[in-house]
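The residues making up each chain are set out below.
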Amino acid sequence: MQFRTLQDIVRLCEERQCSIAELMIVEQVKETGVSREQVVEQMTSYYEVMKEAVHRGIHEDTVSRSSLTGGDARRVYDYLNGGETAAGSHSTRAMSYALAVSEVNASMGRIIATPTAGSCGIIPGVFVSTQERFSWSDEQMVLGLFAAGAIGYVIANNSSISGAEGGCQAEVGSAIGMAAGAVVELRDGTPQQAMHAVGLALKNTLGLICDPVAGLVEIPCIVRNGLGAVNALAAADMALAGVRSAIPSDEVVDVMLQVGRTMPSEHRETARGGLAQTPTGRKITEELRRRRENQGS
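This structure is a prediction, so every number in the text was calculated from the model and none was measured.

1. Structural notes on the layout of surface pockets
- Approximately 380 Å³ is the volume found for the largest pocket.
- Counting residues per element, the ones that place at least two in the lining of the largest pocket are helix H2 (20–32), helix H3 (36–59) and helix H7 (138–158).
- No other element matches H7, which puts seven residues into the lining of the largest pocket.
- For the lining of the largest pocket, a count of residues per class yields 17 nonpolar, five polar and no charged.

Here is the structure:
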């Protein structure tokens, strides 16, 4: 790739007079050696999986194998259709769709890691809900995924997208930034505005720990996906309104890595800290352990 930083993306887009999505497609073709048609076709197939996961999570049973989670996406969706919501219908829809995909993941369904399985609901939740809202075509949404991919590429190579390495800020935070920047582009914002959205989003999640109860990608992961979708929309709106990230977005990416490295291991996907070690968290873990032992005997 000819870009390493978010500002590189802005510079190249301005020099070439192209979108972030177009930049990413051209660079990916060069990187992989496959045709443009194949690159776009593969991303199109990914978006189909995302839409399928949203539909399944809203309309089918998604109780996880642990029985800890499932059905919350449908609850939020039904609540949305019952009248005025506190967050507004558009945010609540994105939330319900993000929860849906995360619940499909927890129930061993098919999802696309964006950028990880633990944060798989945010981009689909934002993309599918905004597509319905603005009547965007699938082709437009696929271009949005390329824009999100360019942002994710920079974050992954300059910071981390791993909860074990950088906490939940690296997984959910990265997904929020990717979704926010992509929505700015889909809404005809400039590449610079898109990068401000990334910075605004990442700053909001700095220090977010990864503390899965019983070591499962369920509690609090699923709820964080739902709320993350709302944060992504908010960051996109701020950037489109002209709000800038006072700290350059690339510096925010660097700080995210520093914060992740200084997090105690208890807060990096080990289930030895945070919510996992609350009295209720320990009780859930013990109950699951006993259940497995009984099933094995």
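Now that the structure has been shown, the text picks up again.
2. Focus: helix H10 (residues 191–205)
- Taking 1.5 Å as the rise per residue, H10 with 15 residues should run 21 Å; its terminal C-alpha atoms sit 22 Å apart, in good agreement.
- Within the span of H10, buried status applies to Pro 191, Ala 194, Met 195, His 196, Ala 197, Val 198, Gly 199, Leu 200, Ala 201, Leu 202 and Thr 205.
- Check the buried side of H10 and you find it contacts helix H1 (6–16), H2, H7, helix H9 (168–186), helix H11 (221–240) and helix H12 (249–262).
- Immediately downstream of H10, the backbone of Gly 207 shows phi near 90°, a positive value.

3. What to know about helix H6 (residues 122–134)
- Between its first and last C-alpha atoms H6 spans 18 Å; for 13 residues at 1.5 Å apiece the expected length is 18 Å, and the two agree.
- Residues of H6 that are buried include every one of Ile 122, Ile 123, Pro 124, Gly 125, Val 126, Phe 127, Val 128, Ser 129, Thr 130 and Gln 131, and no others.
- Packing partners of the buried residues in H6 comprise H3, helix H5 (89–106), H7, H9 and H11.
- At the C-terminal side of H6, Ser 135 shows a positive phi close to 60°.

4. A short note on unusual backbone geometry
- Cis geometry marks the peptide bond from Thr 114 to Pro 115; its omega dihedral reads -5°.
- Its place among the elements puts Pro 115 in the loop between H5 and H6.
- In the segment running from Ile 219 into Pro 220, the intervening peptide bond is cis, with an omega of 5°.
- Looking at the secondary structure, you find Pro 220 in the loop between H10 and H11.
- The backbone of Ser 67 sits at a positive phi, close to 70°, despite the residue not being glycine.
- Of the residues examined, Ser 67 reaches a relative accessible area of 51% and is grouped as exposed.
- One non-glycine residue, Ala 271, adopts positive backbone phi at about 65°.
- With a relative accessible area of 15%, Ala 271 lands in the buried category.

The rules behind each value
- Here, residues in each chain are numbered from 1, in the same order as that chain's written sequence.
- Note on the predicted model: pLDDT of at least 70 is required for a residue's local features to be given, and 80 or more for side-chain atom pairs to be given and counted; whole-chain, interface and lining totals, by contrast, use all residues.
- With hydrogens and water excluded, all non-hydrogen atoms of the structure serve as input to the side-chain values.
- We place a 1 Å grid over just the protein atoms. Points where a 1.4 Å probe fits but has no way out form a cavity, open points with protein on both sides within 12 Å along at least 5 of 7 lines form a pocket, and any residue with an atom within 4 Å of a point lines it.
- Grid points are joined across faces, edges and corners, and a volume is the space filled by probe spheres set on the points.
- Starting at the N terminus, helices and strands are each numbered in turn, a helix being any DSSP run of H or I of at least four residues and a strand any DSSP run of E of at least two.
- Polarity classes work like this: nonpolar for Ala, Val, Leu, Ile, Met, Phe, Trp, Tyr, Cys and Pro, charged for Asp, Glu, Lys and Arg, and polar for all others, with Gly in that last group.
- Residue count minus one, scaled by 1.5 Å, sets the expected span of a helix.
- The classification of residues rests on relative accessible area computed with a 1.4 Å probe and restricted to protein chains. Under 20% of the type maximum is buried, over 50% is exposed, and intermediate values are partly exposed.
- By the convention used here, residues are in contact when the closest approach between their heavy atoms is within 4.5 Å.

Bear in mind that shape data such as this cannot, by itself, settle questions of function.
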